[in-house]
Amino acid sequence: MRELKIWRGNAYNERGEQQLSGYLDYFQIKKGYMLSFNFNKNKKVGMKDIMLGDKLLVEAVV
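Predicted model, so just to flag it, every value in this text is computed and none were measured.

Procedures and definitions
Residues numbered from 1 in each chain as written. Predicted model: local features only at pLDDT ≥ 70, side-chain atom pairs only at ≥ 80, totals over all residues. Heavy atoms only, no water. Patch = residues over 30% accessible without salt bridge, like charges linked within 9 Å, V, L, I, M, F, W, Y side chains within 5 Å. Areas by Shrake-Rupley, 256 points an atom, 1.4 Å probe, with all protein chains shown as cover. Salt bridge = Lys/Arg side-chain N within 4 Å of Asp/Glu carboxyl O. Helix = DSSP H or I, 4+ residues; strand = E, 2+ residues; numbered from the N terminus. Phe/Tyr/Trp six-rings, centres within 6.5 Å; stacked < 30°, edge-to-face > 60°. Buried < 20%, exposed > 50% of the residue type's maximum accessible area, 1.4 Å probe, protein only. Pairing = 2+ DSSP bridges. Axes fitted to C-alpha atoms, helices over the stretch in contact; angles between N-to-C directions. Contact = heavy atoms within 4.5 Å.

**Q** I'd like to hear about a nonpolar patch on the surface, residue by residue, with values.
**A** The grouping of Met1, Tyr23, Tyr26, Phe27 and Ile29 at the surface amounts to a nonpolar patch, some 490 Å² of accessible area in total. Within the element layout of this structure, Tyr26 appears in helix H1 (residues 10-27).

**Q** Account for the packing of aromatic side chains, naming residues and giving values.
**A** Per the stated rule, a full pass over the model turns up one aromatic pair. When the ring of Tyr26 is compared with that of Phe27, the centres are 4.9 Å apart and the planes differ by 90°; the resulting orientation is edge-to-face. We classify Tyr26 as exposed; its relative accessible area is 65%. Since its relative accessible area comes to 46%, Phe27 is described here as partly exposed.

**Q** Describe in detail the sheet that holds strand S3 (residues 46-52), supporting the description with residues and values.
**A** Spatial strand order, S1-S2-S4-S3: four strands in an open sheet with mixed pairing. Looking at which strands have only one partner, the edges of the open sheet turn out to be strand S1 (2-6) and S3. Averaged over all adjacent pairs, the angle separating strand axes in this sheet is 20°, with direction ignored. With five bridges joining them, S1 and strand S2 (residues 31-37) adopt parallel strand pairing. Among the inter-strand pairings, Arg2 is bridged to a residue of S2, identified as Tyr33. Across the sheet, H1 lies against S1, S2, S3 and strand S4 (55-61), angled at about 150° from S2, the strand it touches most.

Put into structure tokens, the structure is as follows:
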């Protein structure tokens, strides 16, 4: 399962993570990917793993 988002702040990003977690529950999948497009000048790019319960979200910020 993949999700694409535009960075609009931490709260928006956390809601996106919860949304992806809900999709994973629905499809009974344990791993999902989220790609966040961040257009801020001082952005922190890279990848990180996020554990939400028993699910793994791999998030990449570009």
